[in-house]
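Examining the three-dimensional arrangement
One-letter residues, chain by chain:
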Amino acid sequence: MQLPRNGAPLRAIPRQRGMAMLVLITLITLVGAYLIASRLSKTSAELSVDRDQRTAAALREAKAALIAYAANPELTQLGSLPCPDRKLPTDVLAGQEESSCDSDAVRIGRLPWKTLNVSSDLRDGSGEQLWYVLSANFRKKSGTTIINSDTQGQITVTGSAPASNVVALIIAPGLALQNQDRDKTSLALLNDPSNYFEGTNSGANDNTFETRAPPNDKDASGGLVFNDRILALTHADLFAVVEPIVGYKIRNDTGTLYVKSAIEAYRTTWGRYPFPAAFGDPGTSTFKGTAATTEGLLPMTTDSTFLTWKTSGPAPTVAAAPGNPGTVDVSQWYTDCTNSTASQ
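This write-up is about the structure you can find in this document.

Here is what the cut-offs are and how they apply
Residues numbered from 1 in each chain as written. Predicted model: local features only at pLDDT ≥ 70, side-chain atom pairs only at ≥ 80, totals over all residues. Heavy atoms only, no water. Phe/Tyr/Trp six-rings, centres within 6.5 Å; stacked < 30°, edge-to-face > 60°. Helix = DSSP H or I, 4+ residues; strand = E, 2+ residues; numbered from the N terminus. Buried < 20%, exposed > 50% of the residue type's maximum accessible area, 1.4 Å probe, protein only. Lys NZ or Arg CZ within 6 Å of the ring centre and 35° of its normal. Disulfide = S-S within 2.5 Å. Contact = heavy atoms within 4.5 Å. Polar contact = N/O pair within 3.5 Å; in protein donor to acceptor, adjacent residues only side chain to side chain. Salt bridge = Lys/Arg side-chain N within 4 Å of Asp/Glu carboxyl O. Core = buried A, V, L, I, M, F, W, Y, C linked by side-chain atoms within 4.5 Å.

With that settled, the discussion passes to the packing of aromatic side chains. Under the definition given, this model contains four aromatic pairs. A centroid spacing of 4.8 Å and a plane angle of 70° characterise the contact between tryptophan 131 and phenylalanine 197, whose relative ring orientation is edge-to-face. Of this pair, tryptophan 131 sits in strand E2 (residues 131-134) while phenylalanine 197 sits in the loop between helix H3 (187-190) and strand E5 (208-211), placing them 66 residues apart in sequence. For the residue pair tryptophan 131 and phenylalanine 197, the accessibility class agrees, reading buried in each case. Centre to centre, the rings of tyrosine 266 and tryptophan 270 are 6.4 Å apart; their planes meet at 45°, and the pair counts as tilted. Of the two residues, tyrosine 266 and tryptophan 270 both sit in helix H5 (residues 259-270), four residues apart, roughly one turn of that helix. Feature note: the residues Trp131, Tyr196 and Phe197 constitute an aromatic cluster, connected by ring pairs. We note arginine 110 situated over the ring of tyrosine 196; from NZ or CZ to the ring centre the distance is 4.7 Å.

Two cysteines, two sulfur atoms, one covalent bond between them: this is a disulfide. Evaluated as defined, the whole model comprises one disulfide. Residue pairing for cysteine 83: its cysteine sulfur links by disulfide to cysteine 101, the two sulfurs lying 2.1 Å apart. Of note, the bridge from cysteine 83 to cysteine 101 carries an S-S torsion of about -75° and is left-handed in sense. One end of the pair, cysteine 83, is in the loop between helix H2 (44-70) and strand E1 (108-110); the other, cysteine 101, is in the loop between H2 and E1, with 18 residues separating them in the sequence. Accessibility expressed as a relative area gives 5% for cysteine 83, which makes it buried.

A few words on the environment of lysine 87. Turning to its location among the elements, lysine 87 is positioned in the loop between H2 and E1. Setting aside its immediate chain neighbours within four residues, lysine 87 contacts Leu93, Ala94, Gln96, Glu97, Glu98, Leu187 and Leu190. Within the structure, the side chain of lysine 87 is placed 3.1 Å from the side chain of aspartate 85, a separation counted as a polar contact. Only 2.9 Å separates the side chain of lysine 87 from the side chain of glutamate 98, close enough to count as a polar contact.

Using the criterion set out here, one finds 11 salt bridges in the structure. Aspartate 237 is the partner of lysine 63 in a salt bridge, and the nearest nitrogen-oxygen pair spans 3.0 Å. One end of the pair, lysine 63, is in helix H2; the other, aspartate 237, is in helix H4 (residues 235-252), and 174 residues separate them in sequence. Take lysine 63: its relative accessible area is 17%, and that puts it in the buried class. In this structure, glutamate 128 engages lysine 184 in a salt bridge whose closest nitrogen and oxygen atoms are separated by 3.4 Å. Placement of glutamate 128 in the loop between E1 and E2 and of lysine 184 in the loop between strand E4 (163-172) and H3 is noted, with a sequence separation of 56 residues between them.

Another point: the nonpolar core. Counting 31 residues, the largest nonpolar core has Leu66, Leu81, Leu111, Leu130 and Leu238 as the members making the most contacts within it. At the level of secondary structure, the elements contributing two or more residues to this core comprise H2, E2, E4 and H4. It is H2 that contributes the most residues to this core, eight residues altogether. Aside from chain neighbours lying at most four places away, what touches leucine 111 is Ala62, Leu66, Asp85, Leu116, Leu122, Leu130, Trp131 and Tyr132. Residues Val166, Ile171, Tyr196 and Phe197 belong to the second largest nonpolar core, which totals 15 residues.

It is worth spelling out the side chain of histidine 235 at this point. With respect to the helices, strands and loops of the structure, histidine 235 is situated in helix H4. On the accessibility criterion, histidine 235 (12% relative accessible area) is buried. Here the side chain of histidine 235 touches serine 149 through a polar contact of 2.7 Å, landing on its backbone oxygen. Separated by 3.3 Å, the side chain of histidine 235 and the backbone oxygen of threonine 151 make a polar contact. Contacts of histidine 235, omitting those with residues within four sequence positions, involve Phe138, Asn148, Ser149, Asp150, Thr151, Gln152, Asn165 and Val167.

Below is the structure:
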């Protein structure tokens with residue numbers, strides 16, 4: 001047998017390589033086992049921190065999605081928000097908002113993540129879907145809700161993180177506590193707040209919710225009795241984004257339904273701008289221009305009976321009143337007017 005210069009057999013070289021590979025595989029296995037053991041040996045406190053971080057991230061993403069929805073320039077009713085989702089998870093429309101939410105009882109439910117165009121179903125650190133509560137006067141219902149900078153949120157949060165003038169809430173229910181029944185096949189159980197929330201939050205939606213911080217989340221024996229996590233969307237949060245969008249649309253949008261175009265069309269037709277509506281509560285204003293008023297609300301009434309037209313006799317003449325060019329002399333108008341129609 002041929003020997004190398006040091007006298008060792010040639011077949012010893014592959015044997016040494018095989019041993020090195022075995023040592024490397026053993027080392028990788030030990031490192032993997034250590035990492036797995038480290039993960040499994042996390043303390044309950046560390047796991048709780050992980051859950052809280054995932055919950056906080058989901059709540060922030062949900063809040064951002066709601067603001068983006070309300071500030072979408074293509075939205076017919078800027079500032080409005082969708083209804084909650086109250087459907088079973090197996091429903092083909094799960095994740096979409098309900099078609100209406102006219103009562104307090106149905107203005108609480110799951111976050112309509114598909115309606116908000118969120119990429120995935122947002123869940124808290126325990127794996128539960130996020131809940132969503134909507135203030136009645138911010139629901140998307142054109143012609144019923146009037147939403148502007150003066151519209152106040154009707155939800156109030158008390159406790160460790162109080163908030164008022166709240167437009168909407170996003171709530172992470174956390175792990176089930178006590179005797180909560182979270183059967184996802186029962187629509188009644190699924191939409192019952194008492195199966196997901198504790199304290200004041202567990203009752204019927206009355207627009208008042210609470211937050212608690214340790215040690216107020218535990219009973220006398222140290223047992224956890226409250227684990228709701230709430231993030232409020234306030235009026236200030238919402239309109240800090242919505243108001244600039246509204247301003248942009250007033251300045252730049254064109255078309256007969258937009259403010260700038262409508263006012264310019266009025267001026268082109270009548271040779272002057274319309275009087276503003278008297279300043280007052282936008283929730284009750286008729287938005288009808290008031291003669292001799294120089295400041296107030298935009299005169300954008302949708303009342304089809306506000307304007308009347310002369311229907312017989314010679315065409316009236318309209319002239320500026322002597323000494324007061326800001327008014328119109330209508331003494332020659334007929335008084336037997338009827339309501340205008342689309343053809344007039």
